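Structural overview for review
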Amino acid sequence: MTDLERDNVEVGVDRSLRAWQAIQRAHHMMCRAEYFQALKEYRRELKKLRTYLTLPDWCSLSNSEDRPSRNWLCVYLFEYYQISHGWQGWRWLAQPVLKSPDLEKLSLRAWSRFQSALGWSYVRYKPLKEIRRMQHAALERLAGQNMPFEEALHHFVLCQVEQIAVRQAQANYHAESALALLKFEETPFYVMRTLFVHNNMYRIMREYDKAQALVDQLREYAEQKGVLRTALGPYIVQGWIYSDLEEYDRAEACFQEAIDFLDEQRLPYERGRALYALGRLHLWHRGFDMAEKLIREAISIYSDDTRYDDPDYVHYLKQGTRSVVAQATYQNVLVSVLAERGQIDLAVEIEQEVLFLLKDVDDRGTHYDILNTLARLHAKKGNRLQSICYRLRAFLMEPRLFIRHNWSDMRSRLKKLLARLRRR
Amino acid sequence: MSTEQPNERWTFLQWCEGVGFYDPSASIAAHYRSFTELVQALPQRFMLQISEDKFGRWWNGTGKINRRDEALCVIGVLHRVAQQHERLILNGVYFADHARIFLRSTTVCEQPFAELSAEEIDQLLARPSQDAPSSQDILRQKLYRRVFPSPYTPIIGRDREIDDLLNRLGDRNSPIVCVVGTAGDGKTNLTWHTVCRAVDSGLFSAFDWVTDRSMYVDSNGDPRPTDLPALRPDAIFNSMINNFDWADLKLIARDVAERCAKKFREGHYCLVLDNMETTAQLERFLRELSILVQPTPPRTSRILITSRVESSAPFVSHMPLKGLEREAAIAYVKHMETRYANVALSDSDREQLAEITGGNPLFIQIALARYVRNGRNIRLIVDQVRQSNSFFSTFQNLFGGLYESLSPAAKQVALDAAQYTEEITREDLEADAEYYMSDSEQFERALMELVSQQVLKPSDVAGYYTIHPLVRAYLTHMTERNDRLRA
């Protein structure tokens, strides 16, 4: 050991500052899409985080990134939560910032970075209107300040919000704004995440060429960065497009690949999404047993509220790990499996639980799906009136989606009706 | 650093001595014969034909192991010898660490070889889990990771307490059993082993383990909040749904508590609540979970709690846990001696250690580590402990003395380890040490020192360590003190 090292050992190290710098480093690595190193660093530091959280520095707010502060901590951890989920834990971390009178006194940059992360953590937790208002307010403050990255992050959040609200024009606008402001050379993580989110909007609206173009771009970027087989890569979204285009074998291969590598990378929640996607695919193929197996596994991942006891989920910071939205979405597919098997009463019972799970969640798309499923189930049971009621509720909730999804059916019915009227 | 722990400079012969393979009265040829016999007992993959000539060169130090598969074969043989002789070199919780040292040693190997993979460890240890593990095994492994500090196997000197606890768990009139004791006396360890035994014997069909870590006890013995939200009852119900495999309840969102209570009453389940630090915390849980045991107690399911305090609730049976009784404490000291090569205490030293530690297993571990370290001077330890006026000052005297005697590098690694509130991996500590240590061998020595001094405890999972909460509290206090000094 050199004299210098000996001195260092004897004097000791400032462990709090060292941890802070390590988290900062992980954040920068993830922004640069240095995925594997970043995950490793994040995971190690998160296991120590609770030791530091009560220290005054770590509870304070600051414009500077040189010393620990809670607002920058929330910002640094944002990318990790993006791929590993657990936003309840993030929101708990953010509490001291939200309660602090100094939040509004932060520099525009520090404030904006925190606000964009907060906005994302509120998705499906707070009303979309509120998130929209927050993010637009931030964009207004940033106007003319020459902070393109900060602006892009607000657009990124708004893209997700508008997609959930099924407002295609707005979603496209925010996605395109974000992509125009972000530079792939500097923050590839966000470019890829925006493409990942944005292609869904086109897919939902059945504009598959446009969705595929974005996924192709995502694949190219992921290849460049060596993160093709990761949560940043295109496998899941590509699988969805193939699935919608009824290219089942290719879709299955994509989902299966995603399930495998997400398992290797210990990202169960992303893996749950891939299981759900594959389960849904089997359902369409009428492979009910396999569909049920996969969906039940996905539900187990999302319904376990105690996984945070495992060291791998330390970022939940002792918050519940249950994601009711994911559980509800997956359960909705399970209900379809049961219905196909003729277990209608059980399917209705479980679907009612799904509605209950979502009672406080502002996610019109998922609500719409569930109302449609309930309408189908009641039609199968012979309860025509109930079925019509649920259809009506689905229509009122999302008229555009309803018309788009039922257009061919509605057109043929309309034709029949007109023909009947003409005959009369 | 004591010479009892292996290091990369150990020769082949020293390894053989360490595991008990070396017999000075026998020839090299006799050793070779024993060696080849033992090779035949290895899993197929590690069976190698080693020539007598080659073995002789290793033995005399004139040749080195030049292939990794040969090194694995030797490790497999030495491990089996260590098992036969109950040595802790290349055995038990130390196996993976010692194997790593062996493979990296250029004294015995021609070049450093890659460490063992998890699969190789399993195969070399010939774990029964070679077949597909049952779902019960998988669940137990999952729950094991929730237990802090990790349970120690085998449990020594607690037969009477296990029987007592099993009897209480079988008593229909006490739906809740609370093991009450102070830090370090092995409440968690006793509970883990008892509940595993209860499931294995069919008393329960399954158990669940939840820990509330919203409170902890500092090194002065004072309960302090961790600033984390308390464990919520709905999280406990969810845990039960998942771990008791109540598949139908996974899909429901309404009346969860009532439905869980119904299932709990109908089955043979044990719910363990570990680490209740304060009366208020304990009372809150009992209130929130009362639906499981009231108005009529379940006939076959039980709640088992570990706590430092007693509850006033009428339906709780308290089982006070004290330190080990004299004979058991001596047996425990004897057992812990086997963790050190060439350490054999005299009967009187064992008795003294058992007496001054009050039979507290944590204290025995620390005191024994100090004894080995300070030149086997029992008087020094006795004097320090006698200056103490309370349980926690006894701990501080015992552990403080041990901490001061650590090498500077080991101290730093120990302080790093205390920053982790979850399980610690070797990889984590090595990455932390890169900030102040450039030499991986120095880190290796520091880590081994901490393991041998009972500061870090290797977990059943290779490469993982845990630290006793009381030890962690002390080290956290030292970190804060150092920070203050530096400031």
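Model, not experiment: these values are computed from the prediction. One numbering rule holds for all chains: residues counted from 1, following each sequence as written. Chain letters start at A and ligand numbers start at 1, both assigned in the order the entries are written. Selection of residues for local features in this predicted model requires a pLDDT of at least 70, selection of side-chain atom pairs for listing and counting requires 80 or more, and totals for whole chains, interfaces and linings are taken over all residues.

**Some points on the overall build of chain B**
Formally: Working definition: helices are DSSP H or I runs of at least four residues, strands are E runs of at least two. Numbering for both runs from the N terminus. Within these notes, the globule rule equals 2.2 Å times the number of residues to the 0.38 power, and the radius of gyration is based on C-alpha atoms. Three exposure classes are used, all based on how many other C-beta atoms lie within 10 Å of a residue's own C-beta (placed from the backbone): buried at 20 or more, exposed at 12 or fewer, and partly exposed between those limits.
For chain B, the helix and strand inventory stands at 21 helices and ten strands. Expected size for 487 residues packed as a compact globule is a radius of gyration near 23 Å; at 24 Å, chain B falls within 12% of this value. For chain B, the spread of C-alpha atoms along the principal axes amounts to about 75 × 55 × 45 Å. Each of the 487 residues in chain B was classed as buried or not, and the buried ones make up 46%.

**Description of the nonpolar core**
Going by this rule: What makes a nonpolar core is a set of buried Ala, Val, Leu, Ile, Met, Phe, Trp, Tyr and Cys residues, with links drawn between C-beta atoms within 7 Å. Start and end positions for the domains come from either an automated domain assignment or a database one. Here, residues touch in the contact sense if the C-beta positions derived from the backbone fall within 7 Å of one another.
The biggest cluster of nonpolar side chains holds 241 residues, and the ones touching the most others in it are A:Cys74, A:Met192, A:Ile295, B:Val333, B:Ala367 and B:Val413. When residues of this core are sorted by domain, at least three fall in each of domain 2 (135–320) and domain 3 (327–486) of chain B. For B:Val333, the residues in contact, after removing those within four places along its chain, are B:Leu345, B:Arg350, B:Leu353, B:Ala354, B:Ile364 and B:Leu368. Counting residues in hydrophobic clusters, the runner-up holds 36 residues, among them B:Trp10, B:Val74, B:Leu88 and B:Leu103.

**Observations regarding the sheet that holds strand E2 (residues 206–211) of chain B**
Residue and element names in this part refer to chain B. Stated formally: Two strands are counted as paired when DSSP detects at least two bridges linking them. Working convention: axes come from line fits to C-alpha atoms, limited for helices to the stretch in contact. Angles between N-to-C directions cover 0 to 180 degrees.
In space, the five strands of this open sheet follow the order E2-E5-E6-E1-E7, with parallel pairing throughout. Edge positions in the sheet fall to E2 and strand E7 (316–320), since each of these pairs with one other strand and no more. Neighbouring strand axes in the sheet, compared pairwise and without regard to direction, differ in orientation by 20 degrees on average. Pairing analysis gives five bridges linking strand E1 (residues 176–180) to E7, with the strands arranged parallel. Along E7, the bridge assignment pairs valine 177 with serine 317.

**Focus on the confidence of the model for chain B**
What counts here: Across the chain, each position has a pLDDT score giving the predictor's confidence in that residue, from 0 to 100.
Averaged over chain B, the pLDDT score is 85; the fraction of residues at 70 or greater is 97%. Looking at the elements of chain B, mean pLDDT is at its lowest for strand E3 (residues 215–217) of chain B, recorded as 75, and at its highest for E1(B), recorded as 95.

**Section: the pairing of E1(B)**
Residue and element names in this part refer to chain B. With respect to burial, E1 is a largely interior element, five of its five residues being buried. Here E1 shows two buried faces, one formed by Ile176, Cys178 and Val180 and the other by Val177 and Val179. In this structure, E1 lies alongside strand E6 (residues 302–307), joined through five bridges in parallel fashion. Within E6, the position partnered with cysteine 178 by the bridge is isoleucine 305.

**Description of the domain arrangement of chain B**
Residues and elements named next belong to chain B. Just so we agree on the cut-off: The residue classification treats Ala, Val, Leu, Ile, Met, Phe, Trp, Tyr, Cys and Pro as nonpolar and Asp, Glu, Lys and Arg as charged. All others, Gly included, are polar.
Considered domain by domain, chain B is made up of domain 1 (12–128), domain 2 (135–320) and domain 3 (327–486). Distance between the C-alpha centres of domain 2 and domain 3: 29 Å. Facing the 18 residues of domain 2 at the interface are 24 residues of domain 3. Each residue belonging to the side of domain 2 that touches domain 3 can be placed in one class, and the counts come to seven nonpolar, eight polar and three charged.

**Here's the deal with unusual backbone geometry**
Cis geometry is found at the peptide bond from B:Phe148 to B:Pro149, where omega equals -10 degrees. The residue after B:Gln294, namely B:Pro295, is reached through a cis peptide bond having omega 5 degrees. Within the element layout of this structure, B:Pro295 appears in the loop between helix H12 (279–288) and E6. The phi dihedral of A:Val166 falls on the positive side, at around 55 degrees, and the residue is not glycine. The class of A:Val166 is buried, set by 20 C-beta atoms lying within 10 Å.

**Focus on the environment of B:Leu228**
Along the chain, B:Leu228 falls in the loop between strand E4 (223–225) and helix H10 (233–243). For B:Leu228, a count of 19 C-beta atoms within 10 Å translates into the label partly exposed. The spacing of B:Leu228 and B:Glu434 is 206 residues in sequence and 30 Å in space, taken between C-alpha atoms. When neighbours within four sequence positions are excluded, B:Leu228 is seen to be in contact with A:Arg50, A:Leu317, A:Lys318, B:Arg213 and B:Ser214.

**Remarks on helix H3 (residues 35–46) of chain A**
Our working rule: To estimate the expected span of a helix, count its residues, drop one, and scale the result by 1.5 Å.
With twelve residues, H3(A) should cover 16 Å at 1.5 Å per step; its first-to-last C-alpha distance of 16 Å lies within 8% of that length. Here H3(A) has its buried residues at A:Tyr35, A:Ala38, A:Leu39, A:Glu41, A:Tyr42, A:Arg44, A:Glu45 and A:Leu46. Here the buried face of H3(A) lies against helix H2 (15–31), helix H4 (49–52) and helix H6 (70–84) of chain A together with helix H19 (426–433) of chain B.

**With respect to the sheet that holds strand E8 (residues 424–425) of chain B**
Residues and elements named next belong to chain B. Overall, antiparallel pairing links the three strands, which are arranged E8-E10-E9 in an open sheet. The open sheet has two free edges, formed respectively by E8 and strand E9 (457–458), since each of these has just one partner strand. In this structure, E8 lies alongside strand E10 (residues 464–466), joined through two bridges in antiparallel fashion. Bridge pairing links isoleucine 424 to tyrosine 465 in E10.

**Remarks on helix H19 (residues 344–357) of chain A**
Residues and elements named next belong to chain A. Its 14 residues place the ends of H19 20 Å apart at the C-alpha level, agreeing with the 20 Å of an ideal helix rising 1.5 Å per residue. Listed as buried for H19 are Ala347, Val348, Ile350, Glu351, Val354 and Leu357. At its buried positions, H19 is contacted by helix H18 (324–340) and helix H20 (364–381).

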